[in-house]
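Summary of the model geometry
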Amino acid sequence: MKGAKEYILTLSCPDATGIVNAVSGLLYQAGCNIVDSQQFGDVADADATGRFFMRVQFTAPPQLAAPATLEALFGHVRKQFGMALHFHARDARLRVILLVSQHGHCLNDLLFRVHSNQLAIDVPCVVSNHTTHAELVRGYGIPYHHLPLAPGADAQAKRAQEARVLELLERERIDLVVLARYMQILSPELCAQLSGRAINIHHSFLPSFKGARPYAQAHARGVKLIGATAHYVTPDLDEGPIIEQDVARVDHADSIDEMTAAGRDVECLVLARAVRWHTEHRVLLNGHKTVVFR
């Protein structure tokens, strides 16, 4: 289709009959071509939310190739089914800011994926409360902002530092915040502002092994699986809606350092998947959980 542009439609609404027919029929009548379509109704289990979710990838003819035009086209259907509905240009790259402290494995992995075109995002800058990875980041030609927080900093100092982070987010028109092992607890106010657009990574030992040396604790307990979890940030520490998880098997012969290395590898993979799926508009929030269309 000459002049056509590819879009991704994501929607959620109370589950009802006729939603798929209404959406696909409207796209067909408007001259669009559906490339891929996935849907899920959360209605089967005792903890079901009763909501319906859909992701549709389609090409739109030139006269419709604008999000505002497409949203106007779906005005009646949106109202009929009570939809939360969004259109995304498939070729639009999200602007992502990376926050890091002193562990740089996730940061390094994401930067390499961006540099080698494995991850289609733009990273305008990196923020850290340490200078540890300044040289690494600048080697990729990316600005590095050191926003320090002294050990034991009080609430006022943390609010001032977060205000500087917010200034960067607004100035750089950031779509997504990724905590790539950023070892600072975000305030409830900042979590609220970043709801649904901030991703964190943590080892899946939580809540069993908390503190500064979780892998040493795990080694002492003889664990057999090393895991990682990527989730959206909420005021409840490490309890936000889960996007992706994975594990690696270890055994009694592995040292603490070998367990730590295995854990870091899993963290990198899990975080990269979560970031990619979010930026491809495959993740839809469903209360305290997510729907991920792969």
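For the structure given in this document, a descriptive report is provided here. Keep in mind that what you see is a predicted model, and the values were worked out from it rather than measured. (Residues numbered from 1 in each chain as written. Predicted model: local features only at pLDDT ≥ 70, side-chain atom pairs only at ≥ 80, totals over all residues. Heavy atoms only, no water.)

**Concerning the overall build of the chain**
- Looking only at helices and strands, one finds nine helices and 14 strands in the chain.
- For 294 residues, the compact-globule estimate of 2.2 N^0.38 gives 19 Å, and the chain sits close to it at 21 Å.
- Taking the principal axes of the C-alpha coordinates as reference, the chain spans close to 60 × 45 × 40 Å.
- Taken across its 294 residues, the chain has 48% of its residues classed as buried.
- Contacts in the chain between residues at least 24 apart in sequence constitute 68% of all its contacts with a sequence separation of at least 6.
- Carbon and sulfur atoms provide 50% of the accessible area of the chain, an area that totals close to 14,900 Å². (Helix = DSSP H or I, 4+ residues; strand = E, 2+ residues; numbered from the N terminus. Rg over C-alpha atoms; globule rule 2.2 N^0.38 Å. Buried < 20%, exposed > 50% of the residue type's maximum accessible area, 1.4 Å probe, protein only. Contact = heavy atoms within 4.5 Å. Areas by Shrake-Rupley, 256 points an atom, 1.4 Å probe, with all protein chains shown as cover.)

**Some details on the pattern of salt bridges**
- According to the stated counting rule, one finds 13 salt bridges in the structure shown.
- Put simply, Arg90 and Glu6 hold a salt bridge, and the shortest N to O gap is 3.8 Å. One end of the pair, Arg90, is in the loop between strand 4 (84-89) and strand 5 (94-100); the other, Glu6, is in strand 1 (residues 5-14), and 84 residues separate them in sequence.
- Accessibility expressed as a relative area gives 48% for Arg90, which makes it partly exposed.
- Looking at Glu6, the relative accessible area reads 23%, which means it is partly exposed.
- One network of salt bridges, in which partners are shared, links Glu244, Asp246, Arg273 and Arg294. (Salt bridge = Lys/Arg side-chain N within 4 Å of Asp/Glu carboxyl O.)

**Some points on the nonpolar core**
- One finds Leu98, Leu110, Val126, Val178, Ile199 and Leu271 to be the most contacted residues of the largest nonpolar core, which totals 36 residues.
- Looking at this core, the elements that each hand over two or more residues are strand 5, helix 4 (105-115), helix 5 (134-139), strand 9 (176-179), strand 10 (198-203), strand 11 (225-232), strand 12 (242-249) and helix 9 (256-279).
- Among the elements that make up this core, the one with the highest residue count is helix 9 (eight residues).
- Setting aside its immediate chain neighbours within four residues, Val126 contacts Leu98, Val100, Leu107, Val137, Ile142, Pro143, Tyr144 and His145. (Core = buried A, V, L, I, M, F, W, Y, C linked by side-chain atoms within 4.5 Å.)

**So, the environment of Asp238**
- Among the secondary structure elements, Asp238 is positioned in the loop between strand 11 and strand 12.
- Classification of Asp238 by relative accessible area gives partly exposed; the value is 23%.
- Residues Asp238 and Ile185, 53 residues apart in the sequence, show an inter-C-alpha distance of 9.8 Å.

**Describing the sheet that holds strand 3 (residues 51-60)**
- Ordered in space as 2-3-1-4, the four strands form an open sheet in which the pairing is antiparallel. At either end of the open sheet lies a strand with only one pairing partner, and these are strand 2 (33-41) and strand 4. The sheet shows a mean angle of 10° between the axes of neighbouring strands, direction not considered.
- Relative to strand 3, strand 1 runs antiparallel, the two sharing ten bridges. Residue pairing for strand 3: Tyr7 is matched across the bridge by Phe58.
- Sitting on the sheet, helix 1 (residues 19-29) touches strand 1, strand 2 and strand 3, and the angle it makes with strand 3 is about 15°. (Pairing = 2+ DSSP bridges. Axes fitted to C-alpha atoms, helices over the stretch in contact; angles between N-to-C directions.)

**What to know about the packing of helix 4 against helix 9**
- With their axes 9 Å apart at the nearest point, helix 4 and helix 9 run at an angle of 45° to one another. The angle between helix 4 and helix 9 falls in the class oblique. As for the relative orientation of helix 4 and helix 9, their crossing is right-handed in sense. Of the residues in helix 9, those touching helix 4 at His105, Cys106, Asp109, Leu110 and Arg113 are Arg264, Glu267, Cys268, Leu269, Leu271 and Ala272. (Parallel < 35°, antiparallel > 145°, perpendicular 65-115°, else oblique. Left-handed = near helix turned anticlockwise from the far one by under 90°.)

**Thoughts on the side chain of Gln161**
- One can find Gln161 in helix 6 (residues 155-171).
- A polar contact of 3.1 Å, which involves the side chain of Gln161, links it to the side chain of Tyr182.
- Those residues in contact with Gln161 that sit more than four places away from it in its chain are Asn129, Leu147, Pro148, Leu149 and Tyr182. (Polar contact = N/O pair within 3.5 Å; in protein donor to acceptor, adjacent residues only side chain to side chain.)

**Examining the side chain of Asp254**
- With respect to the helices, strands and loops of the structure, Asp254 is situated in the loop between strand 12 and helix 9.
- There is a polar contact of 2.9 Å between the side chain of Asp254 and the backbone nitrogen of Asp251.
- Filtering out sequence-adjacent residues up to four positions away, Asp254 remains in contact with His219 and Met259.

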